[in-house]
Amino acid sequence: MSKEMVSAYSIRVNSFGFIFIFVITLMFLYYMIPSSSNDNGTDDQLNVRALLSVCIDLAESGGKEIKAVREERSLNQKTKGKTKEGADEMLTQGDLRSHRVVVSGLSLLYPHMRVISEEKDPMLNVTQSPFFDQTVHPELSDLPNELIPASELSVWVDPLDATQEFTEDLDEYVTVMLCVVRHGKPLLGVIHFPFEKRTVWSWRGRGHGKLEKTPESKTTRIIVSRSHAGDVTKVARDAFGKDSIIIPAGGAGYKSVQVASGKADAYLHVTAIKKWDICAGHALLHSMGGQMTALNGGDIDFSPDLSPKVDGLIATATKRKYSEVLKKLVPSLAKKEE
């Protein structure tokens, strides 16, 4: 064989080898290391772990907008209505800027998934969303890659929980919350504290993020709303006695995390509350064996086509504590209805 033939043969072999390696590499990348679109899922299937990671990123991005509004002192607060009890429902630039980031991000990445946000904004542009790294968060790396049909999922968003407290510079109560729902039940929950740079996440049946737990107290501690209280203090005192500790606090997300971490035995709300306020907390408490129900003890259905209102709630970190709390509450609630 001449040198020219050997050379040509070598080129053909090397070219074939290169193409073969290239194709194998592409197949490996496609099936084993999904691209951002494949990792997020297809039109029909969503990767739940990737979705949870994206929800964390978006909640934190919304939190940055809230902090920027605080630093700029550009709240531009106004009243968007009143609650049944007559309390003002506030709206700020923090609510709107966080809403734009979170909802536009979800709409761009998951156009086939329904999003229900507390806020409505005609200026929302779903073609613009801040870039963020879609690499799965390290603390989620041990979770499985699980695919779920996109048609079965929807997301409840509270872009700024505890708006009233935000206007009062009580920033410890402020959270950004996202909650992914499947068949009416919370599947994923994310509660981000922008002023503490802390995020609590949960995935039903798979686990939750780290929580600093407080030992159980001998005295019953009930956490309640400081701005939408109704007659909750009276109901709690009647049910749990004069020695019980009532903890007024802002934000449903904050209160849910306080219960989850053991700093309160129960979260009690006796007036109407919205599902975007409680969905992520519901997801967190149920992921750790806790319970959250309507005030009458009924399950809460988070299906997107139903009313966003819930007539009060009871939440505890364990089912045992829930049974104890409900047993004591029933006579007080009956007295309240008389």
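Just above sits the structure.
Fair warning: this is a prediction, and the values are worked out from it, not measured in the lab.

Q: Give a description of the state of the cysteines that names residues and reports values.
A: Tallied over the full model, the rule gives one disulfide. One disulfide in the model links cysteine 179 with cysteine 279; its S-S distance is 2.1 Å. One disulfide, between cysteine 179 and cysteine 279, carries an S-S torsion of -50° and so falls in the left-handed class. Taken as a pair, cysteine 179 in strand β7 (residues 175-182) and cysteine 279 in helix α8 (residues 275-287) lie far apart in primary sequence, 100 residues in all. Taking relative accessible area as the criterion, cysteine 279 reaches 1% and is therefore assigned buried. The closest cysteine sulfur to the non-disulfide-bonded cysteine 55 is located on cysteine 179, 9.1 Å from its own sulfur. For cysteine 55, a relative accessible area of 2% gives the class buried.

Q: An account of the packing of helix α7 (residues 252-260) against α8 is needed here, citing residue identities and associated values.
A: One way to put it is that α7 packs onto α8 with a least axis distance of 8 Å and a crossing angle of 15°. When the interaxial angle is binned, α7 and α8 end up roughly parallel. In this structure, α7 crosses over α8, and the sense of that crossing is right-handed. Contact with α7, carried on its side by Ala252, Gly253, Ser256, Val257, Val259 and Ala260, involves Asp277, Ile278, Gly281, Leu284 and Leu285 of α8 and no other residues of that element. Each residue belonging to the contact of α7 with α8 can be placed in one class, and the counts come to seven nonpolar, three polar and one charged.

Q: Please provide a residue-by-residue account of the sheet that holds strand β10 (residues 207-208), values included.
A: Judged by pairing direction, the sheet is mixed, and its six strands sit side by side in the order β4-β6-β7-β8-β9-β10 without closing on themselves. If you trace the sheet from one side to the other, it starts and ends with β4 (114-117) and β10, each paired once. Summarising the sheet, β7 and strand β8 (residues 185-193) pair through seven bridges and their orientation is antiparallel. Looking at the pairing, arginine 182 lines up with lysine 185 of β8. The strands touched by helix α3 (residues 48-72) within the sheet are β6 (153-161), β7, β8 and β9 (198-203), with β8 carrying the most contacts at an inclination of about 35°. Its contacts with the sheet place α8 against β4, β6, β7, β8, β9 and β10, and it is angled at close to 105° to β8.

What counts, and where the lines are drawn
Residues numbered from 1 in each chain as written. Predicted model: local features only at pLDDT ≥ 70, side-chain atom pairs only at ≥ 80, totals over all residues. Heavy atoms only, no water. Disulfide = S-S within 2.5 Å. Helix = DSSP H or I, 4+ residues; strand = E, 2+ residues; numbered from the N terminus. Buried < 20%, exposed > 50% of the residue type's maximum accessible area, 1.4 Å probe, protein only. Axes fitted to C-alpha atoms, helices over the stretch in contact; angles between N-to-C directions. Parallel < 35°, antiparallel > 145°, perpendicular 65-115°, else oblique. Left-handed = near helix turned anticlockwise from the far one by under 90°. Contact = heavy atoms within 4.5 Å. Nonpolar A, V, L, I, M, F, W, Y, C, P; charged D, E, K, R; others polar. Pairing = 2+ DSSP bridges.

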